[in-house]
Amino acid sequence: MLKVFNSHAISRNQRFTKAMLWGIPTALLLGVGYGIFSLISPFEFSIVYIGVGYLIGYVVKSKGRGVHLRFSILAAILAIIAILIGDVLTFFGPEAFESVSNIIYSFSTTLMFWLSVDFGTILGLLFRVAGIYFAFTNSRIV
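The rules we used
Think of each chain on its own: its residues are numbered from 1, step by step along the sequence as written. Reporting in this predicted model follows two pLDDT cut-offs: at least 70 for local features of residues, and 80 or more for side-chain atom pairs to be given and counted; totals over whole chains, interfaces and linings ignore these cut-offs and use all residues. The basis for every side-chain value is the complete set of heavy atoms in the structure, and neither hydrogens nor water enter the calculation. By the criteria applied, helices consist of DSSP H or I runs no shorter than four residues and strands consist of E runs no shorter than two, each listed in order from the N terminus. Working definition: with a 1.4 Å probe on protein chains only, accessible area under 20% of the residue-type maximum means buried, over 50% means exposed, and in between means partly exposed. Contact criterion: two residues are considered in contact whenever any of their non-hydrogen atoms come within 4.5 Å of each other. Using the Shrake-Rupley algorithm and a 1.4 Å probe, accessible areas are obtained, with residue cover drawn only from the displayed protein chains. In the sections that follow, a salt bridge refers to a side-chain nitrogen of Lys or Arg positioned within 4 Å of a carboxyl oxygen of Asp or Glu. Lining residues are those with an atom within 4 Å of a point, where the points come from a 1 Å grid over the protein atoms alone and group into cavities, where a 1.4 Å probe fits but cannot get out, or pockets, open sets with protein on both sides within 12 Å along at least five of seven lines. Grid points are joined across faces, edges and corners, and a volume is the space filled by probe spheres set on the points. Asp, Glu, Lys and Arg are counted as charged, while Ala, Val, Leu, Ile, Met, Phe, Trp, Tyr, Cys and Pro are counted as nonpolar; the rest, among them Gly, fall into the polar class. Orientation is described by lines fitted to C-alpha atoms, with helices fitted over the stretch in contact, and by angles between N-to-C directions that extend from 0 to 180 degrees. The cut-offs work like this: below 35 degrees is roughly parallel, past 145 is roughly antiparallel, 65 to 115 is roughly perpendicular, and the gaps in between are oblique. Each crossing gets its handedness from the near helix: less than a right angle anticlockwise from the far helix is left-handed, clockwise is right-handed. For this analysis, a nonpolar core means a set of buried residues of the types Ala, Val, Leu, Ile, Met, Phe, Trp, Tyr and Cys, connected via side-chain atoms within 4.5 Å. Given the number of residues in a helix, its expected span is that number minus one, multiplied by 1.5 Å.

I'm lost on the overall build of the chain in this one. Help?
From N to C terminus, the chain includes 5 helices and 0 strands. Overall, the chain shows an N-to-C arrangement of helices and strands of α-α-α-α-α. Along the first, second and third principal axes, the C-alpha atoms of the chain reach 65 × 35 × 25 Å. Counting over 142 residues, the chain shows a buried share of 35%. At a minimum sequence separation of 6, the contacts of the chain that also span at least 24 residues come to 73%. Entry remark: accessible area of the chain is about 8800 Å², with carbon and sulfur atoms responsible for 73%.

Structure follows, in structure tokens:
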């Protein structure tokens with residue numbers, strides 16, 4: 001008997017859901033991992049955010065196997081979340097997540113730090129943007 005269709009193939013929505021189910025924990029773990037690493041290290045390693053973005057893009061691509069733009073947008077948003085979590089932990093430590101008011105204050109202060117660009121933070125901001133770019137470009141099958 002001839003099979004006309006693949007009954008084991010999953011749909012676009014199922015692939016996107018699978019990409020989210022693998023991408024969200026990856027972004028959270030990478031953000032917390034960088035935050036903890038930066039807490040015990042006396043130096044700031046913003047270049048690591050390029051690897052964070054690449055890994056998030058790789059997970060979304062390998063688990064979601066998507067070709068649409070929404071996979072790239074998902075990976076970019078997850079990279080922003082991972083970078084934000086890493087920076088909040090770097091600047092404020094684990095105390096930033098003790099209460100809702102601490103969370104709101106620490107996230108808003110971190111966002112204001114990103115927007116207050118001076119010469120000392122331009123390179124760190126460029127590494128963050130590069131991480132988001134790598135997540136966006138490496139997250140779907142072309």
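Looking at this structure, I do not really get the environment of N13. What am I missing?
With respect to the helices, strands and loops of the structure, N13 is situated in helix α1 (residues 12-40). Taking the C-alpha atoms as reference, N13 lies 33 Å from F97; in sequence the two are 84 residues apart.

For this particular structure, what's the right way to read unusual backbone geometry?
Glycine aside, negative phi is the norm for most residues, and most peptide bonds take the trans geometry. Its identity is not glycine, yet R65 carries a phi of approximately 50°, on the positive side. Judged by its relative accessible area of 51%, R65 is exposed.

Please clarify how the pattern of salt bridges should be interpreted in this entry.
Pairing between side chains becomes possible if they bear opposite charge and their charged atoms approach one another. Considering all chains together, one arrives at 1 salt bridge under this definition. A salt bridge links R128 to D87; the shortest N-O distance between them is 2.8 Å. With a gap of 41 residues between them, R128 in helix α5 (residues 119-137) and D87 in helix α3 (residues 69-92) connect regions that are remote in the sequence.

Looking at this structure, I do not really get the layout of surface pockets. What am I missing?
It is a probe the size of a water molecule, rolled over the atoms, that shows where empty space is left. For the largest pocket, the calculated volume is near 200 Å³. Lining the largest pocket are 14 residues, with E44, S46, T121, G124 and R128 sitting closest to its centre. Elements supplying a minimum of two residues to the lining of the largest pocket: α4 (100-115) and α5. For the lining of the largest pocket, the per-class residue count stands at 8 nonpolar, 4 polar and 2 charged.

Help me understand the side chain of T110 in this model?
With respect to the helices and strands, the residue T110 is situated in helix α4. Judged by its relative accessible area of 0%, T110 falls in the buried class. If we ignore the near neighbours within four places in the chain, the residues touching T110 are L84, D87, V88, F91 and F92.

Explain the packing of α1 against helix α2 (residues 48-64) to me, please; I cannot follow it from the model alone.
For any two helices packed against each other, one specifies the crossing angle of their axes together with the interaxial distance. Two elements in contact, α1 and α2, have axes whose closest approach is 8 Å; the angle formed by their N-to-C orientations is 160°. The pairing of α1 with α2 is recorded here as roughly antiparallel in orientation. Crossing of α1 against α2: the hand is right-handed. Counted together, R15, K18, A19, W22, G23, T26, A27, L30 and Y34 of α1 and V48, Y49, V52, L55, I56, V59, V60, K63 and G64 of α2 form the full contact between these two elements.

Quick question: what am I supposed to make of the nonpolar core here?
As a rule of thumb, soluble globular proteins bury nonpolar side chains together. Residues I56, V60, L74 and L78 are the most contacted members of the largest nonpolar core, which totals 20 residues. Per-element tally for this core: the top contributor is α3, with 9 residues. Those residues within four positions of L74 in sequence are excluded, and the remaining contacts are F16, A19, M20 and V60.

Before we go on, may I ask you to explain α3 in this structure?
Over its 24 residues, α3 extends 34 Å from the first C-alpha to the last, a length consistent with the 34 Å expected when each residue adds 1.5 Å. Of the residues trailing α3, G93 is marked for its positive phi of about 80°.

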